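# Structural characterization, general
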Amino acid sequence: VSTMNAKTSSGGEEEASGMRNEALGESGCLGEAKRGQVIRVAYVIAALDLTFLFMQMGVMPYMAKSLGLDSVGFGYLQTIFGVLQLVGGYIFGRFADQFGARAALILSCASGSMFFLLMSLSTSIPLLFLSRLPGVFMHGIPGAQKVITDMTTPSQRAEALGKLGLCFGVGIIAGSAVGGVLSTKFGIYVPTYVGLAGSLINTLIAVVWIPSQTKPKSDHHGTEKSTSQSASLFSIREILRLMKFPGVMEVFIVKVFAGFPIGLFMIMFSIISMDFFGLEAVESGYLMSYFGVLQMVVQGLVVGKLASHCTEMTLLRLSVFVFAGVGLGMALMRTVWHYCIIAVPLVFAFSMLATITDSILTKAVPSSDTGAMLGICASVQPFTRTVGPTIGGVLYKQFGVSSFGYLQLMVNLGLFVYLLKSKIPLGETKN
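As named in an unreviewed UniProt entry, the protein is Organic cation transporter-like protein 2, taken from Thryothorus ludovicianus. Under Subcellular location (unreviewed entry), UniProt gives the following word-for-word description of the protein: "Apical cell membrane". The UniProt entry for the protein carries the following comment under Function (unreviewed entry): "May act as a transporter of organic cations based on a proton efflux antiport mechanism. May play a role in the transport of chloroquine and quinidine-related compounds in kidney. Plays a role in the regulation of lipid metabolism."

This part takes up the overall build of the protein. For the protein, the count of helices and strands is 19 helices and 0 strands. A total of 431 residues make up the protein; the buried ones form 51% of that total. In the protein, the share of contacts with a sequence separation of at least 24, taken over all contacts with a separation of at least 6, comes to 85%.

We now examine the environment of threonine 214. Note that threonine 214 resides in the loop between helix H9 (190-209) and helix H10 (236-243). If we skip the residues at most four places from it in the chain, threonine 214 touches Ala101, Asp150 and Met151.

Counting all residues, the mean pLDDT for the protein is 82, and 86% of those residues have values of 70 or more. Here residues 1-29 is modelled with pLDDT under 50, and outside its nearest four sequence neighbours on either side it reaches 10 contacts, counting other chains as well. The model gives residues 220-230 a pLDDT under 50, and that stretch makes 27 contacts with residues more than four places away or in other chains.

Looking now at the packing of helix H6 (residues 140-151) against helix H7 (residues 154-162). Packing of H6 against H7 leaves a shortest axis separation of 9 Å and a crossing angle of 155 degrees. Classified by the angle between their axes, H6 and H7 sit roughly antiparallel to one another. As H6 runs across H7, the sense of the crossing is right-handed. Residue-level inspection shows Gln145, Ile148 and Thr149 of H6 in contact with H7, the latter providing Arg157, Ala160 and Leu161. Broken down by class, the residue content of the contact of H6 with H7 amounts to 3 nonpolar, 2 polar and 1 charged.

Before going further, it helps to examine the nonpolar core. It is characteristic of soluble globular proteins that their nonpolar side chains tend to be buried jointly. Formed by 65 residues in total, the largest nonpolar core has its most connected members in Phe265, Tyr339 and Phe404. For this core, the element with the highest residue contribution is helix H16 (residues 336-364), accounting for 15 residues. For phenylalanine 404, the contacting residues outside a window of four places in its chain are Pro261, Leu264, Phe265, Met268, Ile272, Met330, Gly392, Leu395 and Tyr396. In terms of nonpolar packing, the next biggest core, distinct from the first, is built from 25 residues, Cys109, Leu161, Ile172 and Ile205 among them.

This part is about the pattern of salt bridges. What the rule picks out here adds up to 7 salt bridges. Among the ionic pairs, aspartate 150 bridges to lysine 146, the shortest N-O distance being 3.5 Å. Of the two residues, aspartate 150 and lysine 146 both sit in helix H6, 4 residues apart, roughly one turn of that helix. Note on aspartate 150: relative accessible area 8%, which makes it buried. Taking relative accessible area as the criterion, lysine 146 reaches 1% and is therefore assigned buried. Connected through shared salt-bridge partners, Arg94, Glu238, Arg241 and Asp369 make up one network.

Where helix H8 (residues 164-186) contacts H9, the axes come no closer than 8 Å and their chain directions differ by 130 degrees. In terms of orientation, H8 and H9 fall into the oblique class. Of the residues in H9, those in contact with Gly179, Leu182, Ser183 and Phe186 of H8 are Val190, Pro191 and Val194. The residue makeup of the contact of H8 with H9, split by class, is 5 nonpolar, 2 polar and no charged.

This next bit is on empty space enclosed by the protein. Under the criterion given, the structure shown has 1 cavity of 30 Å³ or more. Lining the largest cavity are Asp49, Phe52, Leu53, Ser108, Cys109, Gly112, Phe116, Met138, Ser199 and Asn202. With 4 residues, the top contributor of residues to the lining of the largest cavity is helix H4 (residues 101-120). Its residues assigned to classes, the lining of the largest cavity comprises 5 nonpolar, 4 polar and 1 charged.

Within the secondary structure, threonine 355 sits in helix H16. For threonine 355, the residues in contact, after removing those within four places along its chain, are Ala158, Leu161, Gly162, Gln299 and Val303.

On to a nonpolar patch on the surface. There is a patch of nonpolar side chains on the surface, built from Leu204, Val207, Val208 and Trp209 and spanning about 390 Å² of accessible area. Summarising the element assignment, valine 208 is placed in helix H9.

This part covers the packing of aromatic side chains. This structure, assessed with the given rule, holds 14 aromatic pairs. With 5.7 Å between their ring centres and 85 degrees between their planes, phenylalanine 54 and phenylalanine 168 make a pair best called edge-to-face. Taken as a pair, phenylalanine 54 in helix H2 (residues 32-66) and phenylalanine 168 in helix H8 lie far apart in primary sequence, 114 residues in all. For phenylalanine 54, a relative accessible area of 12% translates into the label buried. Every member of this aromatic cluster is reached through a ring pair, and the members are Phe265, Phe269, Phe276, Phe277, Tyr290, Phe291, Tyr339 and Phe404. Above the ring of phenylalanine 81, the side-chain terminus of arginine 132 is found at 5.5 Å from the ring centroid.

So, on to the environment of isoleucine 267. With respect to the helices and strands, isoleucine 267 occurs in helix H12 (residues 260-267). Residue class for isoleucine 267 comes out partly exposed when judged on its relative accessible area of 26%. Sequence-wise, isoleucine 267 and threonine 384 are 117 residues apart; in three dimensions their C-alpha atoms are separated by 8.5 Å. The contacts of isoleucine 267, once residues within four sequence positions are left out, are Thr384, Arg385, Gly388 and Pro389.

Bringing the environment of tyrosine 90 into the picture now. Mapped onto the elements, tyrosine 90 comes out in helix H3 (residues 71-99). Exposure remark for tyrosine 90: the relative accessible area of 3% places this residue in the buried category. For the pair tyrosine 90 and phenylalanine 137, spaced 47 residues apart in sequence, the C-alpha to C-alpha distance is 9.9 Å.

How each quantity is defined
Position numbers for residues count from 1 along each chain, tracking the sequence in the order it is written. It should be noted that, the model being predicted, local features are given only for residues of pLDDT at least 70 and side-chain atom pairs only at 80 or more, the latter also being counted only at that level, while totals for whole chains, interfaces and linings use all residues. Only hydrogens and water are removed before side-chain values are computed, so all heavy atoms of the structure are retained for them. UniProt positions are given in the numbering used here, feature names are shortened, and annotations may be inferred rather than shown by experiment. For the purposes of this entry, the term helix denotes a DSSP run of H or I that reaches at least four residues, the term strand denotes a run of E that reaches at least two, and both are numbered from the N terminus. Between buried and exposed lies partly exposed: a residue is buried under 20% and exposed over 50% of the maximum accessible area for its type, with that area taken using a 1.4 Å probe on protein chains only. Contact definition: two residues touch when any of their heavy atoms are within 4.5 Å. Summary of the metric used: pLDDT quantifies the predictor's per-residue confidence within the range 0 to 100. Only the contacting stretch of a helix is used when fitting its axis, a line to C-alpha atoms as for every element, and angles between N-to-C directions run 0 to 180 degrees. Note on terminology: angles under 35 degrees are roughly parallel, angles over 145 are roughly antiparallel, angles of 65 to 115 are roughly perpendicular, and the others are oblique. Whether a crossing is left-handed or right-handed is set by the direction in which the near helix is turned from the far one by less than a right angle, anticlockwise for left-handed and clockwise for right-handed. Residue classes follow a fixed rule: Ala, Val, Leu, Ile, Met, Phe, Trp, Tyr, Cys and Pro count as nonpolar, while Asp, Glu, Lys and Arg count as charged, and any other residue, Gly among them, counts as polar. Think of a nonpolar core as a cluster: buried Ala, Val, Leu, Ile, Met, Phe, Trp, Tyr and Cys residues, connected wherever their side-chain atoms sit within 4.5 Å. When a carboxyl oxygen of Asp or Glu is within 4 Å of a side-chain nitrogen of Lys or Arg, the pair counts as a salt bridge. With a 1 Å grid laid over protein atoms only, a set of points is called a cavity when a 1.4 Å probe fits there but cannot get out and a pocket when it is open yet has protein on both sides within 12 Å along at least five of seven lines; lining residues have an atom within 4 Å of a point. Grid points are joined across faces, edges and corners, and a volume is the space filled by probe spheres set on the points. A residue counts toward a patch only above 30% relative accessible area and without a salt bridge, and it is joined to like-charged neighbours within 9 Å or, for Val, Leu, Ile, Met, Phe, Trp and Tyr, to nonpolar neighbours within 5 Å. Throughout, the Shrake-Rupley method with a 1.4 Å probe supplies accessible areas, and for residues the shown protein chains are the sole cover considered. Stacked, tilted and edge-to-face pairs are distinguished by plane angle, under 30 degrees for stacked and over 60 for edge-to-face with tilted covering the rest, among Phe, Tyr and Trp rings (Trp via its six-membered ring) whose centres lie within 6.5 Å. For a lysine, the NZ atom is tested; for an arginine, the CZ atom; a charge sits over a ring if that atom is within 6 Å of the ring centre and within 35 degrees of the ring normal.

What follows is the structure in structure tokens.
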């Protein structure tokens, strides 16, 4: 009888344990198949978001010109959007930490819908400037990164984040092509209508397919009360606190400065392609598509493989070293064909740097702060777009195209020596 009671008790404990495990799975610790499905949905949302964004980028200059906005005014329009993205990146990340990745993605998609709605109604210059305001919360890529960060283990993170580059390539190719065809055949406002409908669909996908809780349940104990959950959405003190974690400041400095010179070059690329390379608008479009294909190949076939075989510090040093070589090539290039050759290591270094630094920085902070850290990382490009036109314009006018290459070479050689000599701690503080 005692044996039977023991077995019954054991069976009851096993059943109770199974029920607890099932409840745990429902509350956050999703199965491997379910996590993979959610990550794939995040990729789809990111790809669609980037496609709609590149659609509007292609028609925006023509829309501004049709409303009577000159080149100086268009520069102001772009600067305002860059500033909004710069400020909103960190706030969006804090929002994701406090309310979850699902809520953050819904906010981003809903902001995109408002963005395209206002663009479709922009029949005057003030309305066109007003349409930039929702851009403060339009952060589809950081939202998808937050989902992936929550749903992957540290060892899987670099490869999973790297695959977002495929979404970027799809966005460049599809967005540029579709936006051009729609605006040419059906009118300049049609891409905004398509973007509005697509953003609404993206919002619905996020509501239906992204679970309300993406973090493992164990990540909701211990560190949360003492970190981002107790602070406001925007706090300079919180940014400084994150920068004090071991290795964060050093890696973030490398992330900002390694890609800054090439960021200046890309900002001036539309002018360089016309004046220096002598390209027509159609040829510039083909060159952008070439970049998109390279991005897809590198992110899909190269970054993930290297991330699974090499340490992150090794890959960080490699990306900085390749960036230095790209700088030398840019300083010596003379034709667009030279640039097409240089674009291969350029895309590799750019993709590797972005993926590895995001992976390192999200591992270096507590799990309750990964959204804020991704938001800070997402602010790097808006910062470059904000200050870049002035600096890039001066460099191009005073010293020519080769100045971008020499700056890239000197900055990255200095960073490479710094990474070789310094011992950056990359310990994790996650639960």
